[in-house]
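A closer look at the structure
Single-letter residue listing:
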Amino acid sequence: MSAGASGALVARAHPFTPLTATLAVVILAFLLPAPLGPVVLALLTVAGASVLGDRGALPPSFIIVVPLWLLLFLVQGVLGDAPFTKWGPLTLSVGGLQEALAQGARFTAIVVASMLTLRGFHASRFVDATAERRWPFSAAYLVAATLQTIPRLRQRVVTIRDAQRSRGLRVQGSIAERISALVPLTMPLILGALADADDRAVALESRAIAAVTAPGAHRTPLAPPVDTALDRAVRWGAVAAVGAAFVWRAIR
């Protein structure tokens, strides 16, 4: 997690709050009427990155969504069905452009919200929060380990790439050269991930996790995060928004 993310409101919030909000964004992205609903939701999530104090979540999010926007524009707008409209020298599909706008906005909202949550996620705070609520440790560990895997794998990819380049591997150039570099890059990544999983399994076994997950046994939280009134309001607001969207779709 970056230094900028450590001071963000997402990082200081109760761990359940950003996870609930992100899940609500994912559901609302597909429930809100297209294309206006997803566009407004995407704008709100992008603006939320600044309001929540973590603008650093935007560049990696845009790196992911910009190629998706271009692909949707080509597939839906350029190659879409009639009716058509003239846009400079291009003849574009009206319905295809609307569909591309809706799909691109959905992806943008989901990616930005997920990036904000990922950058502000603290595994220890989340595990303490689940222990305080008497959640099963296995479920808490599964969520925490999954969210921690992405930045760990990303850092490992950079390390492997630099190590292989120092040995003379060409990772740039023609398509054939890039394809030939996949095996030397992916095999150490896969083997390292398997070794990391084995090390974690041994560490969990040495700490008697089986006793913690036994029926009736509960882990004592060391420093449970404070669940403020604002956190509860945000979570219930997210639930209410999803519920309202479901009702609107049902009666529409």
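The structure this text deals with has already been given above.
Residues numbered from 1 in each chain as written. Predicted model: local features only at pLDDT ≥ 70, side-chain atom pairs only at ≥ 80, totals over all residues. Heavy atoms only, no water.

Some thoughts on the overall build of the chain
Across its full length, the chain holds twelve helices and two strands. Reading the chain from its N end, one meets helices and strands in the order α-α-α-α-α-β-β-α-α-α-α-α-α-α. Considering only intrachain contacts with a sequence separation of at least 6, the fraction spanning at least 24 residues in the chain is 72%. Total accessible area on the chain stands at roughly 15100 Å², and carbon and sulfur atoms take up 69% of it. (Helix = DSSP H or I, 4+ residues; strand = E, 2+ residues; numbered from the N terminus. Contact = heavy atoms within 4.5 Å. Areas by Shrake-Rupley, 256 points an atom, 1.4 Å probe, with all protein chains shown as cover.)

A word on the nonpolar core
Ranked by size, the top nonpolar core spans 14 residues in total, and within it Val25, Leu28, Leu41 and Ala109 carry the most contacts. For Leu28, the contacting residues outside a window of four places in its chain are Leu41, Ala241, Val242 and Ala245. Ranked by size, the runner-up nonpolar core spans six residues in total, among them Ala49, Ala57, Val112 and Leu116. (Core = buried A, V, L, I, M, F, W, Y, C linked by side-chain atoms within 4.5 Å. Buried < 20%, exposed > 50% of the residue type's maximum accessible area, 1.4 Å probe, protein only.)

Thoughts on the packing of aromatic side chains
Counted according to the given criterion, the structure contains two aromatic pairs. Among the aromatic residues, those joined into a ring-pair cluster are Phe16, Phe121 and Phe126. (Phe/Tyr/Trp six-rings, centres within 6.5 Å; stacked < 30°, edge-to-face > 60°.)

Focus: unusual backbone geometry
Between Ala34 and the following residue, Pro35, the backbone shows a cis peptide bond with an omega angle of 0°. Mapped onto the fold, Pro35 is located in the loop between α3 (16-31) and α4 (36-51).

Notes on the pattern of salt bridges
Counted by the stated rule, this structure contains one salt bridge. For Asp227, the salt bridge identified is with Arg235, shortest N-O distance 2.7 Å. When its relative accessible area of 21% is taken as the criterion, Asp227 is described as partly exposed. (Salt bridge = Lys/Arg side-chain N within 4 Å of Asp/Glu carboxyl O.)

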